Amino acid sequence: MGQGKVTVNNLNLGQGNFPEVERKTLFIGVCATGVGDVLSLNTQSDLDVLLGAAASDLKTQVIAARANGGENWQAYAAPIAADDDWREALDLAFLTVSTELVAVCLPVATGADFTAAFTKAEAIRTQQARRVAILIATPGIDADTQTWAQYTAAQAALTAGISAYRVSPVPQLHGNNLGVLCGRLCNRAVSIADSPMRVSTGSLLALGDAPVDSTGQTLPAAVLTTLDANRLSVPQWYTDYPGMFWSDCNLLDEPGGDYQVIENLRVIDKAARAVRILAIRRIADRRLNDSSISIASNKTYFMRPLREMSKSTVFAGDQFPGEIRPPADDSITIVWPSQNAVEVYIKVRPWNSPKEITANLILDLSSTGG
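Residues numbered from 1 in each chain as written. Predicted model: local features only at pLDDT ≥ 70, side-chain atom pairs only at ≥ 80, totals over all residues. Heavy atoms only, no water.

### Remarks on the overall build of the protein
The condition is simple: Under the DSSP-based scheme used, a helix requires at least four consecutive residues in state H or I and a strand at least two consecutive residues in state E, with every element numbered from the N terminus. Note on classification: 1.4 Å probe, protein chains only; a residue is buried when its accessible area is under 20% of the maximum for its type, exposed when over 50%, partly exposed between these limits. Residues count as neighbours in contact if any of their non-hydrogen atoms are within 4.5 Å of one another. Accessible areas in this description were obtained via Shrake-Rupley with a 1.4 Å probe; residue shielding takes into account the shown protein chains only. We score Asp and Glu as negative and Lys and Arg as positive, and we do not count His or the chain ends. By convention, the charge on Lys lies at NZ, on Arg at CZ, on Asp at CG and on Glu at CD.
Across its full length, the protein holds 10 helices and 12 strands. Seen through its principal axes, the protein has C-alpha atoms that stretch 100 × 80 × 40 Å. Residues classed as buried in the protein amount to 43% of the 370 residues present. Put simply, of all contacts in the protein between residues at least 6 apart along the chain, 72% involve residues at least 24 apart. If you sum the accessible surface of the protein, you get close to 19600 Å²; carbon and sulfur atoms cover 51% of it. For the protein, the centre of its 31 positive side-chain charges and the centre of its 38 negative side-chain charges are spaced 13 Å apart.

### Considering the nonpolar core
Put simply, the test is: Buried Ala, Val, Leu, Ile, Met, Phe, Trp, Tyr and Cys residues that are joined via side-chain atoms within 4.5 Å together make up what is termed a nonpolar core.
By size, the foremost hydrophobic cluster in this structure holds 33 residues, and its most contacted members are Phe 27, Leu 51, Val 62, Leu 135, Leu 178 and Ile 262. Counting only elements with at least two residues in this core, the list comes to β2 (39-42), α2 (57-68), β3 (74-80), β4 (101-104), β5 (133-138), α6 (177-185) and α8 (262-281). Excluding anything up to four places from it in sequence, Val 62 contacts Phe 27, Leu 41, Leu 47, Leu 51 and Trp 73. Ranked by size, the runner-up nonpolar core spans 27 residues in total, among them Val 108, Ala 117, Ile 124 and Ile 136.

### Comments concerning the packing of aromatic side chains
As a reminder of what qualifies: The criterion for an aromatic pair is that two Phe, Tyr or Trp rings (for Trp, the six-membered ring) have centres within 6.5 Å, with stacked assigned to planes under 30 degrees apart, edge-to-face to planes over 60 apart and tilted to the rest. Cation placement over rings: the criterion is NZ of Lys or CZ of Arg within 6 Å of the ring centroid and within 35° of the ring normal.
Inspection of every chain in the model, using the stated rule, returns 7 aromatic pairs. With 5.1 Å between their ring centres and 80 degrees between their planes, Tyr 301 and Phe 302 make a pair best called edge-to-face. Three or more aromatic residues link up through ring pairs in this structure, and these residues are Phe 118, Tyr 165 and Tyr 259. The ring of Tyr 301 carries Arg 282 above its face, with NZ or CZ at 3.7 Å from the centroid.

Here is the structure:
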């Protein structure tokens, strides 16, 4: 004889939000206060208490980042001593926090420092499955000994021959360029798919004084053009247009690479973080199998980050596009190379963005009267 039984289970379908690490920066730099700590920062933080009343390079960059980061700016700081290894401070910080960007405020000495930074970023990716971009300072000009020609040559020598697509070198021309750029990248008024070059975001805030060389010449626009061509990330201005703006946030990718500018890396990394969580939830789950019904269903499942990132808004007749283009039918391909292994291929398509605009005008002298 049987007995009646009722079982009620709460099923977790994994429909919640993905953790957000985007628009958060970990600043690492020399500071006499808080060495060994990982400090949480926002727009209300008292930096004189957290980072000390005395001036420091770390504090200078954080102040600039906060000025450009907008009202919901959030970041972390890891103060270190002058002889500490910033990579060890990064490991310590990542025990408790996770960020999209790491800002190293210690200026590099040689091009090998970029390679070391990239090696660290890749170690974090392979060992911790975390994806970071490292923005690292390069020295500003020595106004006592360097001309602009000498400075440009020295900066170009730092990046020559370097392949490190997760690293962006930022010359400290105005003393706080690194902080200004990090704040601009983390401002929620724009998306992670936007270049810091975006003029409608507004001009840079709290940028330091314009530098001069040993001859007293103020920073020329031509020097910025040359630095940018050598893959350094620099500010820029437009003649007869008020304000100071930014150029591309260049990455040290190889020629022809997909990740020469940071916005391409940011959108692919955001998608990858979400896809990883979805993939973990499908481990040993027979809902993902090699039947046509399952493959079709799981294409929709793995397409979720692309759908969310592509959502656009139309307001007052203007369309504000999502971070990427809406996914198409061929955006997801699922392949079974063996009985217990699945490969998912995902196509992320960013929007085009005009960084060079040419306007052609003609004079119409045709007769308009009878």
